[in-house]
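Commentary on secondary and tertiary structure
Chain by chain, the residues run as shown.
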Amino acid sequence: MVSTWVPDVSPDTPFSLANIPFGIVTSSADPAPHAAIAIGQCVLDLKILSSHPTFTDVFPALKDQVDVFSNPTLNEFAALGRGVHREVRKAIQDLLSTETSRPEFLKDNAAFRERVLLPQRSVKMHLPMSIGDYTDFYAGFHHAYAVGAMFRGPQKALQPNYTHLPVGYHGRSSSIVVSGTPITRPYGQIIIDPMAEPKQPTTAPSRRLDIELELGCFIATPNSMGSSIKVADAEDHIFGYVLVNDWSARDIQTWEYVPLGPFNGKNFATSISPWVVLADALEPFRTRGIDNWTPLQEYLNEGKEESVFDIELQIELMTPQGDITTICTTSSKYLIWSFPQMIAHHSLGGCPLRTGDLLASGTISGPSLREKGSLLELSEGGKKDIMLYGMDVRRFLKDGDAVRLSGICGKSGERVGFGECVGRIIGAAPL
């Protein structure tokens, strides 16, 4: 990968020339949400970029969509398809390259460069997509096994269907928020004394507020109702990826989830990182996932081994006192189902997936304790303290705690990352 002429791009930035993630920003100069990409510590304002008189010469794939980057979400751009995403990303990489083929467009155009290249700190990030539907899967094998063993014992840790199909449920898209949005502790029905019979619930703020480290996938091109997406074609329906923290109230969830699954224990908030890493940017980091020993139904058979990505994922917990502890380091390779398999299964019965729909992987954990992607696992079901910097401990989250997810892959100078996904817990609002 060649270098960039953009100033102050650190070799360790997650936003190298090899990445070019897309997001939605506002600035003091333009308070209307619009598209940008991240490069180092800067953003390239794509709305201003598209005003250049030779824009369509550089971006011929957008000759009929010149205003696509003026929209308040990336949906219209995503709907153009992966071929267009690929061409646009390559054109941006060329413009920002030291060896650009068009230096007069931006590199040597000081007046235009000053307008279009802005410090990241000067913009506000927004949800990148209008998300019509949200589906949360359960593809993190080690998480599924650990939680199953916790409640049913190791012999029955995995349900009989787990290795036959990507288990999932429909989440709530209205409570998906961008990184940095405060998270209010939810109320719900909880059981104070789990040993009492009969069980007597109390309505109260959750006492077992948790996190879930996940990878999210945005749908680009839709399928029509009544049709399905073949697993071999599913990659072409993917726009890009984000980090997901699917906040979970374990005590609310425990009481409510039988027989229909999670409801208020999960629907109060889901945080995502603001930059969408395009599918093509992650291609070099393909690897094998968890081996599935069960013969698959034909519609789930991808016919290739390297179907997931090896992204280094990290969770940091920040206390109200400002102390920061890395509580988990793991990898996105610990999935037993790939996103193409999730898409093929989701659409099998003719369900129409739409541009902007979000699919999440489920909690990603590794085999060791320090690789667990939830406090439920790290605290072994709330039975053991998680040691934090400054002699503090947690089993679940306290008010004022903040959680930061990060994900990165690639070597120095060519890193591809997501930035961060952050949320801070604030106290429950009075009923």
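Up top you'll find the structure we're talking about.
What this report covers is the structure whose coordinates are included nearby. (Residues numbered from 1 in each chain as written. Predicted model: local features only at pLDDT ≥ 70, side-chain atom pairs only at ≥ 80, totals over all residues. Heavy atoms only, no water.)

Looking at the side chain of glutamate 212
Tracing the chain through its elements places glutamate 212 in the loop between strand 12 (209-210) and strand 13 (213-219). Judged by relative accessible area, glutamate 212 falls into the buried class, the value being 5%. In terms of polar contacts, glutamate 212 uses its side chain to reach the side chain of arginine 250, at 3.1 Å. (Helix = DSSP H or I, 4+ residues; strand = E, 2+ residues; numbered from the N terminus. Buried < 20%, exposed > 50% of the residue type's maximum accessible area, 1.4 Å probe, protein only. Polar contact = N/O pair within 3.5 Å; in protein donor to acceptor, adjacent residues only side chain to side chain.)

Focus on the pairing of strand 13
Every regular strand shows the same layout, with side chains that alternate between the two sheet faces. Burial analysis of strand 13 places 7 of its 7 residues in the buried class, the great majority of the element. The side-chain alternation of strand 13 yields two buried faces, one formed by Leu213, Leu215, Cys217 and Ile219 and the other by Glu214, Gly216 and Phe218. Strand direction decides the pairing type here: strand 13 and strand 14 (residues 238-245), joined by 7 bridges, are antiparallel. Bridging from a neighbouring strand, glycine 216 pairs with valine 242 of strand 14. (Pairing = 2+ DSSP bridges.)

As for the sheet that holds strand 2 (residues 34-39)
Where strands meet in a sheet, backbone hydrogen bonds hold them as pairs that are either parallel or antiparallel. Sheet architecture is open: 5 strands sit in the order 4-3-2-1-5, paired in antiparallel fashion. The strands lining the two open edges of the sheet, one partner per strand, are strand 4 (117-119) and strand 5 (123-126). Neighbouring strand axes in the sheet, compared pairwise and without regard to direction, differ in orientation by 50° on average. Here 4 bridges tie strand 1 (residues 22-27) to strand 5, and the two strands are oriented antiparallel to one another. (Axes fitted to C-alpha atoms, helices over the stretch in contact; angles between N-to-C directions.)

Quick word on the pattern of salt bridges
Applying the stated criterion across every chain yields a total of 25 salt bridges. Across the pair lysine 47 and aspartate 30 runs a salt bridge, and its minimum N-O distance is 2.9 Å. With lysine 47 in helix 1 (residues 46-49) and aspartate 30 in the loop between strand 1 and strand 2, this pair connects stretches of sequence that are 17 residues apart. Owing to a relative accessible area of 18%, aspartate 30 belongs among the buried residues under this scheme. Taken together, the shared-partner salt bridges connect Arg82, Arg86, Glu235, Asp280, Glu283, Arg286 and Lys304 into one network. (Salt bridge = Lys/Arg side-chain N within 4 Å of Asp/Glu carboxyl O.)

Considerations on the side chain of serine 365
As for its placement among the helices and strands, serine 365 is situated in the loop between strand 22 (358-360) and helix 10 (375-378). A polar atom in the side chain of serine 365 sits 2.8 Å from the backbone nitrogen of glycine 373. A polar contact of 2.9 Å, which involves the side chain of serine 365, links it to the side chain of glutamate 377. The residues touching serine 365, leaving out its near neighbours within four places in the chain, are His142, His143, Thr330, Tyr334, Glu371, Lys372, Gly373 and Glu377. (Contact = heavy atoms within 4.5 Å.)

Considerations on the sheet that holds strand 9 (residues 183-184)
Spatially, 9-26-25-20-21 is the arrangement adopted by the 5 strands of the open sheet, whose pairing is mixed. Looking along the sheet, the strands with just one partner apiece sit at the ends: strand 9 and strand 21 (324-331). Bridge analysis of strand 20 (residues 312-318) against strand 25 (residues 402-409) gives 7 bridges, and the strand direction is antiparallel. What sits directly across from methionine 318, in strand 25, is alanine 402.

Some thoughts on the environment of serine 179
Its place among the elements puts serine 179 in the loop between strand 8 (176-178) and strand 9. By relative accessible area, which is 19% here, serine 179 ends up buried. Expressed as a C-alpha distance, the spacing of serine 179 and valine 308, which sit 129 residues apart in the sequence, is 24 Å. With near-sequence residues (within four places) excluded, serine 179 lies in contact with Ile272, Ser273, Pro274, Glu420, Cys421 and Val422. Separated by 3.4 Å, the side chain of serine 179 and the backbone oxygen of glutamate 420 make a polar contact.

Observations concerning the layout of surface pockets
Each pocket or cavity is described by its volume, and for the largest pocket that value is around 1,400 Å³. For the largest pocket, the lining is made up of 43 residues, of which Val147, Phe151, Gln253, Thr254 and Tyr257 are closest to its centre. Of all elements in the fold, only strand 6 (134-137), helix 6 (141-152), strand 7 (168-170), strand 10 (187-191) and helix 7 (250-256) reach the threshold of two or more residues within the lining of the largest pocket. Per element, the largest residue contribution to the lining of the largest pocket is 7 residues, and it comes from helix 6. Taken together, the residues of the lining of the largest pocket break down into 21 nonpolar, 12 polar and 10 charged. In this model, the second largest pocket occupies a volume close to 310 Å³. Looking at the second largest pocket, it is lined by 20 residues, and the ones nearest its centre are Ile290, Asn292, Lys304, Glu305 and Ser307. (1 Å grid on protein atoms, 1.4 Å probe; cavity = no way out; pocket = protein on both sides within 12 Å on 5 of 7 lines; lining within 4 Å. Points joined across faces, edges and corners; volume = space filled by probe spheres on them. Nonpolar A, V, L, I, M, F, W, Y, C, P; charged D, E, K, R; others polar.)

Some remarks on unusual backbone geometry
Of the consecutive residues glutamate 197 and proline 198, the connecting peptide bond is found in the cis state with omega at -5°. Structurally, proline 198 can be placed in the loop between strand 10 and strand 11 (201-205). Residue valine 258 is joined to proline 259 through a cis peptide bond whose omega torsion reads 10°. Relative to the helices and strands, proline 259 is located in the loop between helix 7 and strand 16 (270-272). The phi torsion at isoleucine 20 lies on the positive side, around 65°, for a residue other than glycine.

As for the nonpolar core
Note that soluble globular proteins tend to have their nonpolar side chains buried in a common cluster. Tyr241, Trp247, Leu282, Ile327 and Leu397 are the most contacted members of the largest nonpolar core, which totals 65 residues. If near-sequence neighbours (up to four positions away) are discounted, tyrosine 241 is found in contact with Leu215, Gly216, Cys217, Trp275, Val276, Val277, Ala279, Leu282, Phe309, Phe339 and Phe418. In terms of nonpolar packing, the next biggest core, distinct from the first, is built from 48 residues, Ala91, Phe112, Val242 and Val244 among them. (Core = buried A, V, L, I, M, F, W, Y, C linked by side-chain atoms within 4.5 Å.)

Looking at helix 6
With 12 residues, helix 6 should cover 16 Å at 1.5 Å per step; its first-to-last C-alpha distance of 16 Å lies within 8% of that length. The set of residues buried in helix 6 consists of Phe141, His142, His143, Ala144, Val147 and Gly148. Among the structural elements, helix 10 are those in contact with the buried residues of helix 6. (Expected span 1.5 Å × (residues − 1).)

Some details on empty space enclosed by the protein
Inspection of the entire model under this criterion finds 2 cavities of 30 Å³ or more. When its volume is computed, the largest cavity comes out at roughly 50 Å³. In this structure, the largest cavity is lined by Leu215, Tyr241, Ser307, Val308, Phe309, Ser332, Leu335, Ser338 and Phe339. Looking at side-chain class alone, the lining of the largest cavity contains 6 nonpolar, 3 polar and no charged residues. In this structure, the second largest cavity occupies an estimated 40 Å³ of space. Arg82, His85, Arg86, Arg89, Ile238, Phe239, Leu278, Ala279 and Asp280 are the residues that line the second largest cavity. Those elements that provide at least two residues to the lining of the second largest cavity are helix 4 (82-96), strand 14 and helix 8 (279-282). When residues of the lining of the second largest cavity are assigned to their parent elements, the largest contribution, 4 residues, is made by helix 4. Tallied by class, the residues present in the lining of the second largest cavity amount to 4 nonpolar, 1 polar and 4 charged.

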